[in-house]
Structure formats: structure tokens, C-alpha cells
Amino acid sequence: MKKMTLAAMALLCTMAYGQELPQPSPTSTVEQRVGLTDLEIVYSRPSVKGREIFGDLVPMNEVWRTGANACTKFNTSSDIKVAGKDLSAGDYALFTIPGEENWTIIFSTQTNLWGNSGYSEDGDVLRVEVPVSTGDFDESFFMGFSNLSISGAQLDIEWADVEVHVPITVDSESQSAKNVARAIAEANNSYRNAASFYSGKGDHVKALETIEFAVKLDPNNWYTQWVMAEILQAAGKTKEAKAQGKKAIDMGQEFYDGRGMAFTYRAGLEKDLAGWK
């Protein structure tokens, strides 16, 4: 009889563990692209249920989990500015300190806390202050993004009749410039490799056409300039190849000097150049 009772209890525990039930403060995930930056918030949404919220359920001037259950998570795929202050790309816990006139918004590395239990200022990466205002009544706690543009957005925090809006700025122009530069570099590499392939096959006309296009894509790439010299030499244009090779070596020296690095390839390139007859 005792064995049966234990078995029944084990079965009931197993069934209860695997049973999914509605949550009073359901989890919500908000994803938003701003310019070229992906922002994400994962938080829980408690409801008012007739209670006094700020100053009672949520104490004033104390660190709050900003929702319910586990601490709120915030992720940004690239560096941003929050209320004018820098925040690096990464994962953060988002805590707040509600006040009568201003809220403190906290981005912390303590992303595994249950609520704010165990919170320490030592984990803070950024704190900003933003004004609080009164707005339309929200029964359920809400976080989201509004006022979207290619250069920024607004993080909205709303519950009961309280609203907080946090300005976020992204550097879409700089990100776009980096993407364009990367695309040009990748195209340059592809054309340069193709030109070397044609040269190796003895198709010097096609090789020269292709390397000239690669040079036009990125005229400041010293190595592409050198490959052009090699292709000219393979095509029997030794005089042009030597002039082109010297130009490439000079560009390479300038490139490495500008970065405070030694141009270790120079001796080998000059040796190759001297051997072109």
C-alpha cells in the first residue's frame, strides 16, 4: 500500500511539473529594428487589478525589476546612445528607480537575477535619468518602441497612469558606410582573385580587364595594385609592370606607416620586382 502511494505521488508530481498553466504576469518579447540596429526587450506584464501601483506595490526611489518575475532583458545588436549616453552592443538587465519627477533607467550586466534580488550597483553599465509624466491608464504593464526613424526611437514604459519615455539614438550613417566599405572590399577581393585566375590560365586580356575593374573599385588597396603589376608582367608588359610594382610598394609602405606597423612584405616584393626582365 505504501509503495502504491509513493508511486501515485510520483505520478502526480510528474503530471504537475509538465502541466502548463496561464501566468498572471505573462512574458512578452518586443523586437524592433531601428535603422540598422536590432533592439529587443523581454519582460513580464503584471496588471493593476485595482491596486495602488507606484508608491505602494512598486516603492518609490528604490530599484525595481521593471515588470514582474525575472528581471527585464534588453539587447542591442550595435552601439547606441540612450538619453545621449553611450551603450555598447550586448545583453543587459534593465532596472529602473521610479521617482516623483524623474526615473533612473539602469542597464546592468546582472542578467540572471530573479527580479532585483541580488542586485548590485557594481553590475551597472549605464544610468540615465528621464522625466516621468501622466498619461492614459494602462491596466497591464507595457514596454515598447515608438517615434521610429532611421536614426533613433523612443523606449516607452507605461503602467497605470504613469509614462516614461527614453530616447535612443543609433548611428545608421556610420553603419551604412561600414557596410558599403565591406561590400567594396569583398567585391575587390573577388575581382582580384578572378584576375589572378585568368592570368594563370594565360588569358591576359581578360586578366587585365578584370584587375583594372578591381583597382577602380578600391584604388587605395596596395595589394590589388601589386597584383595588377604581376598580371602586367605575366602579359609581357615588363616596363609597365615595374612602374606599377613600384607604385604598389610605395602605397604599401604608406599604408603600414600610417598604422605604425612594419611593412614586412617590402623586401620580398622588391626582390620579385628586381627579377622581372
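Above this text is the structure in question.
Residues numbered from 1 in each chain as written. Predicted model: local features only at pLDDT ≥ 70, side-chain atom pairs only at ≥ 80, totals over all residues. Heavy atoms only, no water.

Enquirer: Got a sec to walk through the packing of aromatic side chains? Specific residues and values, please.
Expert: This model, assessed by the stated rule, comprises 21 aromatic pairs. Pairing Phe 255 with Tyr 256 gives two aromatic rings, centres 5.2 Å apart and planes at 85 degrees, and the pair type is edge-to-face. Here Phe 255 falls in the partly exposed class, since its relative accessible area comes to 32%. For Tyr 256, a relative accessible area of 13% translates into the label buried. One aromatic cluster is present, formed by Tyr 43, Phe 54, Trp 64, Trp 103, Phe 141 and Trp 159 through successive ring pairs. (Phe/Tyr/Trp six-rings, centres within 6.5 Å; stacked < 30°, edge-to-face > 60°. Buried < 20%, exposed > 50% of the residue type's maximum accessible area, 1.4 Å probe, protein only.)

Enquirer: Now, about the packing of helix 2 (residues 172-200) against helix 3 (residues 204-217): what can you tell me, with residues and values included?
Expert: As a packed pair, helix 2 and helix 3 sit with axes 8 Å apart at the nearest point and diverge in direction by 165 degrees. Of the possible angle classes, the one that applies to helix 2 and helix 3 is roughly antiparallel. Our pair here, helix 2 against helix 3, has a crossing hand that is left-handed. Where helix 2 abuts helix 3, its residues Ile 184, Ala 187, Asn 188, Tyr 191, Arg 192, Ala 194, Ala 195, Tyr 198 and Ser 199 lie against His 204, Lys 206, Ala 207, Thr 210, Ile 211, Phe 213, Ala 214 and Leu 217. (Axes fitted to C-alpha atoms, helices over the stretch in contact; angles between N-to-C directions. Helix = DSSP H or I, 4+ residues; strand = E, 2+ residues; numbered from the N terminus. Parallel < 35°, antiparallel > 145°, perpendicular 65-115°, else oblique. Left-handed = near helix turned anticlockwise from the far one by under 90°. Contact = heavy atoms within 4.5 Å.)

Enquirer: Can you explain the packing of helix 5 (residues 238-257) against helix 6 (residues 266-274)? Please cite residues and give values.
Expert: Look at helix 5 against helix 6: their axes get within 10 Å of each other, and the N-to-C directions meet at 170 degrees. Regarding the angle of helix 5 to helix 6, the classification is roughly antiparallel. Facing Ala 241, Lys 242, Gly 245, Lys 246, Ile 249, Asp 250 and Gln 253 of helix 5, the residues of helix 6 in contact are Arg 266, Leu 269, Glu 270, Leu 273 and Ala 274. For the contact of helix 5 with helix 6, the class distribution of residues is 5 nonpolar, 2 polar and 5 charged. (Nonpolar A, V, L, I, M, F, W, Y, C, P; charged D, E, K, R; others polar.)

Enquirer: Before we move on, can you summarise the pattern of salt bridges with the specific residues and values?
Expert: Oppositely charged side chains can pair when the atoms bearing their charge come close. Applying the stated criterion to the full structure yields 6 salt bridges. A salt bridge links Asp 250 to Lys 246; the nearest nitrogen and oxygen atoms lie 3.1 Å apart. One end of the pair, Asp 250, and the other, Lys 246, are both in helix 5, 4 residues apart, so they sit about a helical turn from each other. Salt bridges here are not isolated pairs; linked through shared partners, they connect Glu 121, Asp 124 and Arg 127. (Salt bridge = Lys/Arg side-chain N within 4 Å of Asp/Glu carboxyl O.)

In short, shape yes, function no, at least from these values alone.
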